[in-house]
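Listed here are the chains, written in short residue letters.
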Amino acid sequence: MSSFPALVRPRRGLFLCALAACAALLAGCSRPAPAPEPLRSVKLITVGPSPMQMRLEYSGEVRARVESRLSFRVAGKIVQRQAELGQRVQAGQVLAQLDVRDYALATQAARAQVAAATTQRDLAAADFERFAKLKAQNFISGAELDRREAQLKSAQAALDQARAQLATQGHQADYTRLLADAAGVVTGVDAEPGQVVAVGAPVVRIARDGPRDAVFYVPEDRVGQLRVGQPVQVRAWAANALMPGQVREVAASADPVTRTFLVKVAVTGEAVPPLGATVYVTPQWPAGAGVPLIKLPTSSLRQEGGETAVWVFEPGEGGGGTVRSQAVQVATADGNEAVIAAGLVPGMQVVATGVHVLTPGQKVMVYKPKSDETPVDKAQAAINKEVPAGPATTR
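Residues numbered from 1 in each chain as written. Predicted model: local features only at pLDDT ≥ 70, side-chain atom pairs only at ≥ 80, totals over all residues. Heavy atoms only, no water.

Core analysis: the largest hydrophobic core is formed by 21 residues, its most contacted members being Phe-216, Val-218, Val-234, Val-263, Val-265 and Val-281. Counting only elements with at least two residues in this core, the list comes to strand E4 (58–64), strand E13 (212–218), strand E14 (231–236), strand E15 (242–250), strand E16 (261–267) and strand E17 (278–283). Top contributing element to this core by residue count: E16, with four residues. If near-sequence neighbours (up to four positions away) are discounted, Val-265 is found in contact with Arg-212, Asp-213, Ala-214, Phe-216, Val-232, Val-234, Gly-245, Gln-246, Val-247, Arg-248 and Val-281. The next biggest cluster of nonpolar side chains, apart from the first, holds 19 residues, and it includes Phe-72, Val-89, Ala-96 and Ala-180. (Core = buried A, V, L, I, M, F, W, Y, C linked by side-chain atoms within 4.5 Å. Buried < 20%, exposed > 50% of the residue type's maximum accessible area, 1.4 Å probe, protein only. Helix = DSSP H or I, 4+ residues; strand = E, 2+ residues; numbered from the N terminus. Contact = heavy atoms within 4.5 Å.)

Per-residue pLDDT for the chain has a mean of 82; in total, 80% of the residues score no lower than 70. Segment residues 1–8 is flagged for pLDDT under 50; beyond a separation of four residues in sequence, or across chains, it makes zero contacts in the model. The model gives residues 372–395 a pLDDT under 50, and that stretch makes zero contacts with residues more than four places away or in other chains. (pLDDT = per-residue confidence, 0-100.)

Turning our eyes to something else, we now look at the sheet that holds E17. In spatial order, the strands read E4-E13-E16-E15-E14-E17; together these six strands close into a barrel with antiparallel pairing. Neighbour-to-neighbour, the strand axes of the sheet open up by a mean angle of 45°, direction not taken into account. Looking at chain direction, E14 and E17 are connected through five bridges and run antiparallel. Bridge pairing in E17 places Gln-233 opposite Thr-282. (Pairing = 2+ DSSP bridges. Axes fitted to C-alpha atoms, helices over the stretch in contact; angles between N-to-C directions.)

Right, let's talk about the layout of surface pockets for a bit. Picture a little ball the size of a water molecule; that probe, rolled over the atoms, points out where space is still empty. Taken as a whole, the largest pocket holds about 190 Å³ of empty space. Forming the boundary of the largest pocket are Val-62, Arg-63, Ala-64, Glu-67, Arg-69, Thr-187, Arg-205, Ala-207, Leu-275 and Gly-276. Within the residue set of the lining of the largest pocket, elements represented by two or more residues are E4, strand E5 (67–71) and strand E12 (202–208). Element by element, the count of residues in the lining of the largest pocket is highest for E4, at three residues. Split into classes, the residues belonging to the lining of the largest pocket amount to four nonpolar, two polar and four charged. (1 Å grid on protein atoms, 1.4 Å probe; cavity = no way out; pocket = protein on both sides within 12 Å on 5 of 7 lines; lining within 4 Å. Points joined across faces, edges and corners; volume = space filled by probe spheres on them. Nonpolar A, V, L, I, M, F, W, Y, C, P; charged D, E, K, R; others polar.)

So, about the packing of aromatic side chains. Evaluated as defined, the whole model comprises one aromatic pair. If you follow Arg-302 out to its NZ or CZ, it ends over the ring of Trp-311, 3.8 Å from the centre. (Phe/Tyr/Trp six-rings, centres within 6.5 Å; stacked < 30°, edge-to-face > 60°. Lys NZ or Arg CZ within 6 Å of the ring centre and 35° of its normal.)

With 33 residues, helix H3 (residues 142–174) extends 48 Å between its outermost C-alpha atoms, agreeing within 8% with the 48 Å of an ideal straight helix rising 1.5 Å per residue. Those residues of H3 not exposed but buried are Glu-144, Leu-145, Arg-148, Leu-152, Ala-155, Leu-159, Ala-162 and Ala-173. Contact partners of the buried residues in H3: helix H2 (101–136). (Expected span 1.5 Å × (residues − 1).)

Written out as structure tokens, the structure reads:
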């Protein structure tokens, strides 16, 4: 029994050696500790108010202040059209004419009814006079005379009705001629001879002489920047001359197809472009001009969780600091810059570039550009050193 512990001691030593070797082997196979993240330099922009520089310009066309779509007041077949596209017409000039035969026959029938009603009225009047004489001699009763008087009044009413129908048929016959209600220019023709038109169907469009408007459309986000009475500048596409204008009308509802709002500007001046000419309208006082706004370059914006965000610099010690994410709301664009509506206040410092390589809470350093040194031309300096400047000579 005394020899057993002596045999165990060598084995225990071998076990400890093997355990130490395994530990050293495992330590060699483990991953090395990650290297510290490099300290990045960032370029900062100090948030501050700046004026709006963008000028709004809309493309439109010149139209007449009043443009009428003329149509017949009766139905029929067009037998003649005197108006042509671009023709200048005067008030009362015949533009088109319908087949009048049916209306002429109706007029004749109305005249015949007037003649028949006149005969009935004359007969009733003669009976009333005769019965009035008999009543004066007490040959008839007063009730009989009243009946004759009622027949006379009924005949007179029938005559008045027949005369009114004759006048109506006469107007119907006159309506077969389409007349210009004012002087102007024919801007459209919607019907041709031989065509049967219904009542109220447009036949000719006339732009009346008088004031002219520049008509254009604006999107929903710009309609609030225009108001009635606002001065604008109008420039013709074919010329560079500017004409003064004033917003006359802003549509109260959007177009159901384009979802844009119609705006009409009254154009004044001597050289107003012709109808249909292309013009460019520039509001003289666009909304936002001169109003302080917060603007950032688009390189400072990034998307995070469906929202637009920027990196805000939190200063620390030693000229460094950390960055944190700040959600912002973009209102519109001003050239290559984004106008910020909410999320920032003047005085904040925002990272301008490299926003996609930063993480929340990351330590950064403020980028400081190196001063530009003007290089010295060594060859020219050597030449100037070897060749001394002598006195100038004159010839």
